[in-house]
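Next come the chains, spelled out residue by residue.
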Amino acid sequence: MAQRHRDHLPEDFSERSLAEDVRAGLTSSPKTLPPKWFYDKVGSELYEEITRLPEYYPFEAEREVLVDHAREVVEVAGARHLVELGSGSSEKTRALIEAVLAATPDGGRAAYRAIDVSDSALHAAADDLAARYPTLELETVRADFEHGLAQALAVEPAGDSGDTGGSGGGRLVVFLGGTIGNQAPTERERFLATLRSALGPGDAFLLGADLVKSPEVLVPAYDDAAGVTAAFNLNVLEVVNARLGADFAAADFRHVAVWDADNAWIEMRLEAVRDVHVRIADLDLDVEFAAGEQLRTEISAKFTRERLVAEFERAGFSEAGWWTDRAGRFSVSLWTP
Ligand code: AVJ
């Protein structure tokens, strides 16, 4: 079926924004790095390993919700077209795609637009989906939804054949994985406002969000016994080494995961185990860490239904559906403009 690709990012987008993020993050106090740089080849493999850890429940919990409730989600949303933000492998989305296909009358169109920064992820996902679902109209868009959200969601110009954006409603924008938790509250507010202005009547937004629970469950999910999350966290230093000519030594840092109850988020940090001097050659930048100093690499916010309702209502959405896994650990919620 129809398949096409759009690229909204300049060739050197990734190099440039990494350089900007590293310079800004390592010269600020406290030091920070954004979590999106975890996911090079090794980091993506380590993340996949994390999803199979006994302590890391969010991945399987979300899959359970989607498998159990995809048909109901699609029915309540009135979804004919899916648009996924940060689609990655699109693996868990298959439950939703199958539900949309099942709800599409013979001869009707069902479409899926995958939006991601990774070209390789987009192409692998599209090849897999094209083989599985020959009648599905597929579109891949390489875009950074932090900066290019409105553009990535924009409905195609009239008469354009691959109109997977859809118009006149029936569009379900999907944001899974709990990735919304990586955003700070102000970023999230901006994200929801942009999203709201991109959606029209009859459209809807489906969110996967992890829920607040005991730190005895949360902390081990981000500090597992096998040390996979530690390796995943430390790998970001190798990303900076490889791509910006830095000389971080992983042995100079240790993985730390803490539950910040006031902000209701898990924070991952890398703590210098001694005084450390790092040179980042490509940035002509020297950075000092005092022993015990911590670099924040990720926040992973956890939510309550009440908090999500308050934030979405403030952004102009109403709650249209709420589902959790049987153990009540992870939510999938539906919001309409
Ligand atoms: C992919 C962003 C949802 O925050 O739980 C897993 C990433 N970090 N273990 C999360 C992650 C540490 C994950 N998200």
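Scroll up to find the structure.
Quick notes on the rules
Residues numbered from 1 in each chain as written. Predicted model: local features only at pLDDT ≥ 70, side-chain atom pairs only at ≥ 80, totals over all residues. Heavy atoms only, no water. Buried < 20%, exposed > 50% of the residue type's maximum accessible area, 1.4 Å probe, protein only. Helix = DSSP H or I, 4+ residues; strand = E, 2+ residues; numbered from the N terminus. Pairing = 2+ DSSP bridges. Near = heavy atom within 4 Å. Polar contact = N/O pair within 3.5 Å; in protein donor to acceptor, adjacent residues only side chain to side chain. Areas by Shrake-Rupley, 256 points an atom, 1.4 Å probe, with all protein chains shown as cover. Nonpolar A, V, L, I, M, F, W, Y, C, P; charged D, E, K, R; others polar.

### As for the pairing of strand S6 (residues 204-210)
Burial analysis of S6 places 7 of its 7 residues in the buried class, the great majority of the element. Burial of S6 is two-sided: the residues Ala204, Leu206, Gly208 and Asp210 facing one way and the residues Phe205, Leu207 and Ala209 facing the other way are all buried. When strand S5 (residues 171-175) meets S6, the two strands line up parallel, connected through 4 bridges. If you follow Phe175 over to S6, its bridge partner there is Leu207. Bridge analysis of S6 against strand S13 (residues 330-336) gives 6 bridges, and the strand direction is antiparallel. For Leu207, the partnering residue across the bridge sits in S13 and is Ser333.

### Digging into the site of the ligand
Around the ligand lies a shell of 13 residues, among which Tyr56, Gly177, Tyr222, Glu298 and Ser300 are the nearest. In this structure, Tyr56 approaches the ligand through a side-chain N or O atom, which is 2.5 Å from an oxygen atom. For the ligand, an oxygen atom lies 2.4 Å from a polar atom in the side chain of Tyr222. In the complex, 95% of the free accessible area of the ligand, which totals 350 Å², lies under the protein chains. Secondary structure elements with two or more residues in the shell around the ligand: helix H2 (41-51) and strand S11 (294-301). The residue inventory of the shell around the ligand, partitioned by class, reads 7 nonpolar, 5 polar and 1 charged.

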